[in-house]
Amino acid sequence: MNHLAPFLRIENLSKCYGPTAAVQSFTLTASCDDFVVIVGPSGCGKSTVLRLVAGLTAPSSGTIWLDGQNITALKPARRDIAMVFQDYALYPHLTVAQNIAFPLKLRHAPRAQRRERVEATAQLLGITDILNRRPAQLSGGQQQRVAIGRALVREPRLFLMDEPLSNLDAHLRLTMRTEFRRLAQRLDVPILYVTHDPAEALALATKLVVMEAGRIVQAGTPAEILADPRGTFLPLFLEAAKNNSAPW
Ligand code: ADP
Ligand code: MG
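Undergrad: What is the right way to read the sheet that holds strand E10 (residues 215-220) from this model?
TA: Sheet strands line up and pair through hydrogen bonds in the backbone, either parallel or antiparallel. Across the sheet, which stays open at both edges, the six strands sit in the order E6-E7-E8-E3-E9-E10 with mixed pairing between neighbours. The open sheet terminates on both sides in strands that have one partner only, identified here as strand E6 (81-84) and E10. Sheet twist, expressed as the average angle between the axes of neighbouring strands with direction ignored, equals 15°. The sheet contact formed by strand E9 (residues 207-212) and E10 spans five bridges and is antiparallel. Note on E10: the bridge partner recorded for Val-210 is Gln-218. On top of the sheet, helix H4 (residues 140-152) reaches E6 and strand E7 (158-162); it is set at about 165° to E6, its chief contact.

Undergrad: Help me understand the sheet that holds strand E2 (residues 20-30), please; the structure alone is not making it clear to me.
TA: Here four strands make up an open sheet; going across it, the order is E2-E1-E4-E5 and the pairing antiparallel. If you trace the sheet from one side to the other, it starts and ends with E2 and strand E5 (69-70), each paired once. Taken together, the two bridges between strand E4 (residues 61-66) and E5 define a ladder with antiparallel strand orientation. When the sheet's bridge partners are listed, Leu-66 is paired in E5 with Gln-69. Sheet strands touched by helix H1 (residues 46-54): strand E1 (8-17), E2 and E4. Its angle to E1, the strand with the most contacts, is close to 115°.

Undergrad: So what exactly am I meant to see when it comes to the pattern of salt bridges here?
TA: When charged atoms on two side chains of opposite charge get close, those side chains can pair. Applying the stated criterion across every chain, the model contains five salt bridges. Across the pair Glu-179 and Arg-145 runs a salt bridge, and its minimum N-O distance is 2.9 Å. Of this pair, Glu-179 sits in helix H5 (residues 170-186) while Arg-145 sits in helix H4, placing them 34 residues apart in sequence. Assigned by exposure class, Glu-179 and Arg-145 land together as buried. Here Arg-230 and Asp-228 are joined by a salt bridge, their closest N and O atoms 3.2 Å apart. What makes Arg-230 partly exposed here is its relative accessible area of 45%.

Undergrad: How do you make sense of H4 when you look at a structure like this?
TA: Between the first and last C-alpha of H4 there are 18 Å, a value that for 13 residues agrees with the 18 Å anticipated at 1.5 Å per step. Extensive coverage of H4 is indicated by the burial of eleven of its 13 residues. Taken together, the buried positions of H4 are Gly-141, Gln-142, Gln-144, Arg-145, Val-146, Ala-147, Ile-148, Gly-149, Arg-150, Ala-151 and Leu-152. Residues of H4 that are buried in the fold lie against E6, helix H2 (96-106), helix H3 (111-125), E7 and H5.

Undergrad: Teacher, can you tell me more about the nonpolar core here?
TA: Among soluble globular proteins, nonpolar side chains are generally buried collectively. Ranked by internal contacts, the top residues of the largest apolar core, which has 49 residues, are Ile-148, Phe-159, Phe-180 and Tyr-193. Viewed by domain, this core spans two of them, domain 1 (1-80 + 160-248) and domain 2 (90-155), each represented by three or more residues. Val-49, Leu-50, Leu-52 and Val-209 belong to the second largest nonpolar core, which has 29 residues in total.

Criteria and thresholds
- Residues numbered from 1 in each chain as written.
- Chains lettered and ligands numbered in written order.
- Predicted model: local features only at pLDDT ≥ 70, side-chain atom pairs only at ≥ 80, totals over all residues.
- Heavy atoms only, no water.
- Pairing = 2+ DSSP bridges.
- Helix = DSSP H or I, 4+ residues; strand = E, 2+ residues; numbered from the N terminus.
- Axes fitted to C-alpha atoms, helices over the stretch in contact; angles between N-to-C directions.
- Contact = heavy atoms within 4.5 Å.
- Salt bridge = Lys/Arg side-chain N within 4 Å of Asp/Glu carboxyl O.
- Buried < 20%, exposed > 50% of the residue type's maximum accessible area, 1.4 Å probe, protein only.
- Expected span 1.5 Å × (residues − 1).
- Core = buried A, V, L, I, M, F, W, Y, C linked by side-chain atoms within 4.5 Å.
- Domains from an automatic or database assignment.

So this is what it looks like as structure tokens:
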């Protein structure tokens, strides 16, 4: 692969539902060390962008390139893309180890390879001590880590996360931010992460994409965006945060 070329390239992606343009002319590039955060108010099209990239929704127009391959028409299962949702959707009757191993089992990976990958993934996420528990015996944060483990075990080419922290309490959300940053540094694939929380977005992103009403209003590093926030959503949030003397 040409390392100067972006690993992920989204060009003019649009999705209309009848008269509603959920996403309009969305363009983005990301390389393997990018943690891209898409932030914007509820209904602005964030989840639709992720679903289009994952192949769960077909675009009205536009192109998606991954590692030099045009994947726009590829079936979701053939994209090698992992997606973690707000709702972890763990299998309640399976242990943590079995939940994480599940995608490998579907692929008929040999038992020894499954064990090795589950152990490496559990180590990465710091959950080796809970591998024999079932989801009901886990805290929200632990469930979140298991869901991430199950997504990572397949060694995807791209990692998508849709508001993965919104079901956690405030304290855990802060802890998990630090974990996500650490995880991102160890992963060699781009992360595309969606949130409606600007504080979370600014804390995590190497590249920030601000969306409003289906369109990108601004994209850049958090520092660039903080220096000159455009649109309405982020400036309003920053103003409110300043009045409450938020730490940043
Ligand atoms: P967000 O994730 O930013 O909250 P979404 O991407 O879920 O926003 O939705 C963007 C817009 O597209 C909203 O107006 C939503 O109602 C609409 N939308 C999303 N999915 C569908 C669908 N399957 N059918 C019709 N409209 C949809
Ligand atoms: Mg959403």
